[in-house]
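Chain and residue survey
The lines below spell out each chain.
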Amino acid sequence: MRKIRVLIVDDSVVIRRLLSGILEQDPEIEVVGTAANGSIALAKLPQVTPDLVTMDVEMPVMDGLATVAELRKAYPKLPVIMFSTLTERGAIATFDALARGANDYVAKPANVGSVAAGMESVKSELIPRIKALCPFHQSSGHSAVPAVRPVGRVTTQSRCDAVVIGSSTGGPQALSSILSKLPGDFPAPIIIVQHMPPVFTKHLANRLNQECRLSVCEAESGEAVESGKVFIAPGGLHLEIQRQGTAVRTKLTESPPENSCRPAVDVLFRSAAKVYGGNLLAVVLTGMGQDGKRGAEAITGVGGTVIAQDEASSVVWGMPRAVTEAGLASIVVSLNGVPSELVRIVSRQNRRTLAGMTSPHCLTPQD
């Protein structure tokens, strides 16, 4: 198998050298070039023909945001990983980069003076992402037409009281695509775990809230889980839901990470299965690893329904693949097909809500 060719774009000589050293320790990766700013990077692209680009955000001459926008015009499918700081400013810039076509991001060490520990952390985050975004044995195409594919598990769910969603790499864009197409009177609450660090999840919730008819917020402990609301787990904390009397409320915990993640999809899915039983719908979206598989087992075990995003429309078909290959998904569907499937299933017990889908901004549900 040939090596993954990486171009490093960063204005810091220290970071370029450190990243090069880290990546070249891996026998499957080859650093084919470096660039001090976006302008140099764009000139080098046709010369070094990388499989993936790591991109700093703040650079002189041409910054990372402008570079991603230009790069996408000529290289629409070339994977780009942003190198971002874990700050408010870094979070905002990262989401801007994702909106312009970047695929993922990794946090840059806050203090280059303590490089050893910081770069070891980068190594554990960056190398798996590079390999996940460059699976040469998989198709890189995307389905142009929404395709719904039943996969054998029969659903007997009579109603749906809540939707839980798990996502990771490629998740922010996928969540935006789905939630922006749902009507404001969507008749069930939506609870989401997106793998992201603190600060970033707050900005994700704020962005989605601006794009959607539903009310989107970063979850706090003790909030009532009600229709019309979307809750996103805060970075660094697990999000569970629990029944308190007649109400269902959110609960945040600092329990140990699961699947090396906190928040973890499995934690949310298990707690939701206990509260809603068979009246629960789960969606597993694009992402690395297998987080969500055990939670999906709990959901199907009580009679709930699981939808998995298909391979062609996933940035990384890891989490949905684990669920699909375990036989836990009732339906495998493209990203474009998820909103109409949600409305079709959730609105089964209240057909009047389908009237909201006649808006030109919404998808027509498929029965």
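For the structure itself, consult the block above.
Computed from a predicted model, the values in this text were never measured in an experiment.

Let's shift gears to the sheet that holds strand 2 (residues 29–35). Read from one edge to the other, the open sheet built from 5 strands follows the order 2-1-3-4-5, with strand pairing classed as parallel. Both outer strands of the open sheet, strand 2 and strand 5 (104–107), are each paired with one neighbouring strand and no more. Averaged over all adjacent pairs, the angle separating strand axes in this sheet is 25°, with direction ignored. Summarising the sheet, strand 1 (residues 4–9) and strand 3 (residues 52–56) pair through 4 bridges and their orientation is parallel. The residue of strand 3 that forms the bridge with isoleucine 8 is threonine 54.

Counted according to the given criterion, the structure contains 1 cavity of 30 Å³ or more. If you add up the space inside the largest cavity, you get close to 80 Å³. Along its surface, the largest cavity is lined by 13 residues, and Asp104, Tyr105, Ser168, Thr169 and Gln194 are the ones closest to its centre. Looking at the lining of the largest cavity, the elements with two or more residues in it are strand 5 and helix 6 (171–179).

The next point concerns the pattern of salt bridges. For the structure shown, the criterion picks out 14 salt bridges. Notably, a salt bridge pairs aspartate 51 with arginine 2, separated by 2.9 Å at the nearest N-O pair. With a gap of 49 residues between them, aspartate 51 in the loop between helix 2 (38–48) and strand 3 and arginine 2 in the segment before strand 1 connect regions that are remote in the sequence. Arginine 2 sits in the partly exposed class, given a relative accessible area of 48%. Of the charged contacts in the structure, one is a salt bridge between glutamate 125 and arginine 129, with a shortest N-O distance of 2.8 Å. Highlighted residues: glutamate 125 and arginine 129, both in helix 5 (residues 115–133), separated by 4 residues, approximately one helical turn. Of the residues examined, glutamate 125 reaches a relative accessible area of 35% and is grouped as partly exposed. Residue classification places arginine 129 among the buried positions, given a relative accessible area of 15%. Several salt bridges converge on common partners, so that one network encompasses Asp26, Glu28 and Lys131.

Turning to the pairing of strand 13 (residues 280–284), a few remarks are in order. The buried fraction of strand 13 amounts to 5 of the 5 residues, a majority that puts the element mostly inside the structure. Here strand 13 shows two buried faces, one formed by Leu280, Ala282 and Val284 and the other by Leu281 and Val283. Pairing between strand 7 (residues 162–167) and strand 13: 5 bridges, direction parallel. When the sheet's bridge partners are listed, valine 163 is paired in strand 13 with leucine 281. Here strand 13 runs beside strand 14 (residues 305–309); their pairing, made up of 4 bridges, is parallel. By the bridge assignment for strand 14, valine 284 is matched with alanine 308. Between strand 13 and its parallel partner strand 14, the chain crosses via helix 9 (residues 293–301), and the hand of that crossover is right-handed.

Here the focus is the environment of alanine 69. Along the polypeptide, alanine 69 turns up in helix 3 (residues 64–74). Using a relative accessible area of 28% as the deciding quantity, one classes alanine 69 as partly exposed. Taking the C-alpha atoms as reference, alanine 69 lies 9.4 Å from alanine 99; in sequence the two are 30 residues apart.

Time to look at the side chain of aspartate 10. Its location among the elements puts aspartate 10 in the loop between strand 1 and helix 1 (13–24). According to the relative accessible area criterion, aspartate 10 is buried, its value standing at 0%. Each residue touching aspartate 10, except ones within four places of it in the same chain, is listed here: Ile15, Arg16, Ala35, Ala36, Asp56, Met59, Phe83 and Lys108.

Residues Gly38, Ala41, Leu45 and Val48 constitute the buried set of helix 2. The arc that holds every buried residue of helix 2, seen down its axis, measures 100°, which confines them to one face. In helix 2, the exposed residues that point more than 90 degrees away from the buried face are Pro46 and Gln47. Where helix 2 is buried, its residues touch strand 1, strand 2, strand 3 and helix 3.

Here is what the cut-offs are and how they apply
Residues numbered from 1 in each chain as written. Predicted model: local features only at pLDDT ≥ 70, side-chain atom pairs only at ≥ 80, totals over all residues. Heavy atoms only, no water. Pairing = 2+ DSSP bridges. Helix = DSSP H or I, 4+ residues; strand = E, 2+ residues; numbered from the N terminus. Axes fitted to C-alpha atoms, helices over the stretch in contact; angles between N-to-C directions. 1 Å grid on protein atoms, 1.4 Å probe; cavity = no way out; pocket = protein on both sides within 12 Å on 5 of 7 lines; lining within 4 Å. Points joined across faces, edges and corners; volume = space filled by probe spheres on them. Salt bridge = Lys/Arg side-chain N within 4 Å of Asp/Glu carboxyl O. Buried < 20%, exposed > 50% of the residue type's maximum accessible area, 1.4 Å probe, protein only. Right-handed = clockwise from strand over helix to strand, strands pointing away. Contact = heavy atoms within 4.5 Å. Arc of directions from axis to C-beta.

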